[in-house]
Amino acid sequence: MTKKSEKIKQHVKEHYAELAKGTSCCDVSTCCGASSRASYTQMIGYSDEELKGLPNSVTGTVAGCGNPTALADLKEGESILDLGSGGGIDAFLAAKKVGPKGRVIGVDMTEEMVQLAKKNAERMKTENVEFRLGEIENLPVEDRTVDVIISNCVINLSQDKDKVFSEAFRVLKPGGRMLISDMVTQGELPDEIREDPEMWAACVAGALDEKVYLQKIMNAGFEKVEILARNGFMEMVSSLKVRAYKPS
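For clarity, every value in this text was computed on a predicted model and none was experimentally measured.

Colleague: Can you tell me about the overall build of the protein chain, naming the residues and giving the values?
Modeller: The secondary structure content of the protein chain amounts to twelve helices and eight strands. Its C-alpha atoms give the protein chain a radius of gyration of 16 Å, within 12% of the compact-globule value 18 Å for 248 residues. Dimensions of the protein chain, computed from C-alpha atoms along their principal axes, come out at roughly 50 × 40 × 30 Å. Out of the 248 residues belonging to the protein chain, those deemed buried represent 55%. When contacts within the protein chain are restricted to residue pairs at least 6 apart in sequence, those whose partners lie at least 24 apart make up 71%.

Colleague: With reference to specific residues and values, describe helix α7 (residues 89-98).
Modeller: Counting buried positions along α7 gives eight out of ten residues, so the element sits mostly inside the fold. Along α7, the positions that sit buried rather than exposed are Ile-89, Asp-90, Ala-91, Phe-92, Leu-93, Ala-94, Ala-95 and Val-98. Just downstream of α7 lies Gly-99, where phi reads positive at about 70°.

Colleague: Can you break down the nonpolar core residue by residue, with the values?
Modeller: Within the largest apolar cluster, 28 residues are counted, with the highest numbers of intra-cluster contacts made by Leu-81, Ile-149, Met-178 and Ile-217. Where this core is concerned, the elements lending two or more residues are β1 (79-83), β2 (103-108), β4 (146-152), α9 (161-171), β5 (172-185), α12 (210-219) and β8 (237-245). Counting 26 residues, the second largest nonpolar core, distinct from the first, contains Ile-44, Ala-72, Ile-150 and Leu-179.

Colleague: Mind laying out the packing of aromatic side chains, listing which residues take part and the relevant values?
Modeller: Enumeration according to the criterion identifies three aromatic pairs in this entry. Pairing Phe-92 with Phe-131 gives two aromatic rings, centres 5.7 Å apart and planes at 65°, and the pair type is edge-to-face. Taken together, the residues span a long stretch of sequence, with Phe-92 in helix α7 and Phe-131 in strand β3 (residues 129-133) at a distance of 39 residues. As far as burial versus exposure is concerned, Phe-92 and Phe-131 are alike and both buried.

Colleague: Let's hear about the packing of helix α1 (residues 3-20) against helix α8 (residues 111-124): which residues, and what values?
Modeller: α8 packs onto α1 with a crossing angle of 30° between their chain directions and a minimal axis gap of 7 Å. It follows that α1 is roughly parallel to α8 by the angle criterion. Between α1 and α8 lies a crossing of left-handed hand. Contacts between α1 and α8 involve Tyr-16, Ala-17, Leu-19 and Ala-20 from the former and Glu-112, Met-113 and Leu-116 from the latter. When grouped by side-chain class, the residues that make up the contact of α1 with α8 number six nonpolar, no polar and one charged.

Colleague: Describe the layout of surface pockets, with residues and values.
Modeller: If you add up the space inside the largest pocket, you get close to 600 Å³. If you trace the largest pocket, you find 37 residues lining it, with Gly-84, Asp-108, Met-109, Val-154 and Leu-157 closest to the centre. Among the elements of the structure, α1 and α7 are those that each provide at least two residues to the lining of the largest pocket. With six residues, the top contributor of residues to the lining of the largest pocket is α1. Its residues assigned to classes, the lining of the largest pocket shows 16 nonpolar, 13 polar and eight charged.

Reading the values: rules and limits
Residues numbered from 1 in each chain as written. Predicted model: local features only at pLDDT ≥ 70, side-chain atom pairs only at ≥ 80, totals over all residues. Heavy atoms only, no water. Helix = DSSP H or I, 4+ residues; strand = E, 2+ residues; numbered from the N terminus. Rg over C-alpha atoms; globule rule 2.2 N^0.38 Å. Buried < 20%, exposed > 50% of the residue type's maximum accessible area, 1.4 Å probe, protein only. Contact = heavy atoms within 4.5 Å. Core = buried A, V, L, I, M, F, W, Y, C linked by side-chain atoms within 4.5 Å. Phe/Tyr/Trp six-rings, centres within 6.5 Å; stacked < 30°, edge-to-face > 60°. Axes fitted to C-alpha atoms, helices over the stretch in contact; angles between N-to-C directions. Parallel < 35°, antiparallel > 145°, perpendicular 65-115°, else oblique. Left-handed = near helix turned anticlockwise from the far one by under 90°. Nonpolar A, V, L, I, M, F, W, Y, C, P; charged D, E, K, R; others polar. 1 Å grid on protein atoms, 1.4 Å probe; cavity = no way out; pocket = protein on both sides within 12 Å on 5 of 7 lines; lining within 4 Å. Points joined across faces, edges and corners; volume = space filled by probe spheres on them.

Spelled out as structure tokens, the structure:
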């Protein structure tokens, strides 16, 4: 990894460490695009019913661009992996859907986020969720052990998306599915944005052209790659919801 790449990675980690300590995403980046936490979470797809009963330590660290659990068609007893689980909102929503016979693993590279998510699980007495410290380019998960992968506006933060999708393919069971909400572009962003650590942390600079992004998913071995929704975010940048399957 080059010094420039390392600087970007470190800045992203520090950014989300601050978010875990209680600084609202809306205060520290442009990824919210809304004047309040409530309007932001609703804007990206969370319903009042889903948010009901979740503590502020969960909802206050939301930094996503969608609600992958709403589109993943999760079933009771399934095993779920959340890439970049943050404070745990998607992991906790998934845990409700898969029930006590299912399990959810959240992986995040920021130690402060993992610690927060574990505290949230204890506070909520959620027993079918565990959170692991790790990088999505090198998942601390065994081969072919997961039914469903979800991820919410995190893969764009990785500088090696080929490795992310390769790892996702590795840990999925044959026939397993992946549901992603992420940022993509329509065309190439200017170099001054691509090289700006702040814009990386804001979920913009690391976004790939939509066609390139989808091709990387297919290159990893996934099939039936389908766009479920696309929402404009800013000029040239959109939030994309994608579903893909590992061959049976």
